Each structure stands twice: as C-alpha cells, then as structure tokens.
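# Overview (structure and organization)
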Amino acid sequence: MKANHQSTHVPTASPLLFPFLAVLAGATAMGISPIFVRLAEVGPLTSAFWRVALALPIIALWARAERNHQEAEQDNAPQWSPATFVAGAVFAGDLICWHLAIMHTTIANATFLATMAPVWVLLMSGLVLKEHVTLRMWASLGLCLAGAAALTGSSFSANPEHLFGDAFGILTSVFFGSYFLAMRAARTSGIGSGLLMFRSSLVTAALLFIAAWLMEGSFLPDTVKGLSALIAIALLSHAGGQGLLAYALGHLSAAYSSLVIFLEAVVAAGVAWIILSEALTLLQIAGGAIILIAVLQARPNR
C-alpha cells in the first residue's frame, strides 16, 4: 500500500530580502564615517585616500573569492566598462567634497546636505537607467526629507562661517547621486559586486592620491589613535558600507537604494548621542522614526 505523504509548504525568503538588509547595513556603516574623519589626524583629502586604499586588500580578496565561485567566468572576466570608470571618478569627487564638508561645517549640516543625493537619483533614474520611479518612492522621498529636516533641524545652522563647508555638502549629494547611477548601470551589465568595487576603488584611490598629494602632502597620522581611525573608516565605511551597497545595487533599483541612505542621518545622530554625548530632542527622535517608516514603506513588494 502506498504511503500517504502530506505535502507541506515551506515559505522561502524573498529574493530581495538580503539586498534589502545589505543596503540597510551599508547605510549604517557609512553613517559612522564622520566620527572617524574627525579623529584621523590627517587632512580631509588624505583621510579620503586612506579610506579607499586601506580597504583595497580586503576588496581584492572579495573579488577573487567571488570569481572562484563563478566558474563560467574564470577565464572570461567582465571587461572594464565606462560605468566602472565613472563610478570610481564620481566617488572620488564625493569623498573629497564629503570630507571637506565634515571639516568645514557641522556634522549635522554636512550629513543633511549630503543626504540630498536621492533627489538627484530619483530625478535621473528614468533618463539615465530607464528605471521607473513610482509615486510611492516620490512620497517616501518627501517623508525622508521631512524626517531629515526634523532630525537635524535643531543642529542645522545657516552660519555664514559654514557656507564653504555647506557648499561642499551640496556637491557631495550631486556626486553621491551620480555614484548610485553609475554603480547601478555597471551592476546591470553583469559584473560582480566584488570585482566592481575593486576596479572602481582603484580609480578612486588613484584620483584621491593625486588630490591629497597636491593639496596636503602629509600622508601619515601622528598617533596610533589616528591610524586606528583610518583603518576603521576603511574597513567599516568603505569595504563594509560601500561593498554592501554595491551588492544591493545588483538587485534593487538605484532610486530605492538611494532612499535608504537617509538612514545615514539617523545613524550619525545616534553615534553622536552615544560617543559625543549629544542629546537627542523629541523632534529629532520623531524625524528618525519618520525616515525609518518612509524607507520601509517604499521597499519593493517582494
């Protein structure tokens, strides 16, 4: 007699769950970078160079391991693409402007202005990537902007002495938005996230070295504390944060991934509260909550 086996349905995780978690973790890792820039004991351009250069060995191992798991591509690695060069170049511009903003204005100003990057991504996604931006994403962008304003509103200042740094904060958002578009374009061509990160980081490091050498010239920190800050920003913010973002951009649209970057402002406020003992007001807590809600409601249905 044939046994009667009862079939059971085992739910599987969404194919977008891991990319979603990756971009959340990436935003968190990148959100702590301002603290390390302030502690690095070198100029802002030099700290930007070391942020990328010190991460290259880790990223190289990642790219090698990734290629070993793709047997079909072992003898046919993807060619360098224009998008890879553009991603490396605009990220160099992003880091230059971001680190200059951190050193010449408040962390609140720099973070708030840099998180304007999603505005440029949503505006350009259809034109550059031919990716549809939904009304839900536009609504989430509005909520994220309101949340970011509430989160940094009490700390944001229009001090004329900060205008130089604030201008670099705005430029950071333009470069970072361009970075999202270039990385998404490169990922859709089929290149793995590890190899893309390694190649684009080579371009970024080369440009940052030239900029730091011409503008600052001094490359080494004075103490172990400064060296530790450089290693931390390289491993956590670049290899970790940017690496997770590169992985996520192979699965999530540039528009949605950019919205998650608003969480950088939440993380920066939390880190400032924990490490620098900066008090959080009820308005700031509400702003952080609004950003979290907006990011979650804009996530892909799957």
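Residues numbered from 1 in each chain as written. Predicted model: local features only at pLDDT ≥ 70, side-chain atom pairs only at ≥ 80, totals over all residues. Heavy atoms only, no water.

### Side note on the overall build of the protein chain
Threshold: Runs of H or I in DSSP of at least four residues are treated as helices and runs of E of at least two as strands, each being numbered from the N terminus. For the exposure calls, accessible area comes from a 1.4 Å probe over protein chains only, and a residue counts as buried if that area is under 20% of its type's maximum, exposed if over 50%, partly exposed in between. Should any heavy atoms of two residues lie within 4.5 Å, those residues are considered in contact. Where accessible areas are quoted, they stem from the Shrake-Rupley method and a 1.4 Å probe; at the residue level, only the protein chains shown are allowed to cover.
Within the protein chain, the regular secondary structure consists of 14 helices and zero strands. From first element to last, N terminus to C terminus, the protein chain shows the α and β order α-α-α-α-α-α-α-α-α-α-α-α-α-α. Looking at the 302 residues of the protein chain, the share that counts as buried comes to 52%. For the protein chain, the proportion of contacts with a sequence separation of at least 24, taken over those separated by at least 6, is 89%. Here the protein chain displays about 14,400 Å² of accessible surface, and carbon together with sulfur accounts for 69% of that area.

### Quick word on the nonpolar core
Selection criterion: By nonpolar core we mean a set of buried residues, namely Ala, Val, Leu, Ile, Met, Phe, Trp, Tyr and Cys, connected to one another through side-chain atoms within 4.5 Å.
By size, the foremost hydrophobic cluster in this structure holds 87 residues, and its most contacted members are Phe 176, Tyr 179, Met 183, Leu 245, Tyr 256 and Phe 262. For this core, the element with the highest residue contribution is helix H5 (residues 82–104), accounting for eleven residues. Beyond its immediate sequence surroundings of up to four residues, Leu 245 is in contact with Val 23, Met 30, Phe 176, Tyr 179, Phe 180 and Ser 257.

### Topic: helix H1 (residues 17–31)
This is how the line gets drawn: A helix is expected to span 1.5 Å multiplied by its residue count minus one.
Under the 1.5 Å per step criterion, the end-to-end length of H1 is 21 Å for 15 residues, consistent within 8% with the ideal 21 Å. Every buried residue of H1 is accounted for by Pro 19, Phe 20, Ala 22, Val 23, Gly 26, Ala 27, Ala 29, Met 30 and Gly 31.

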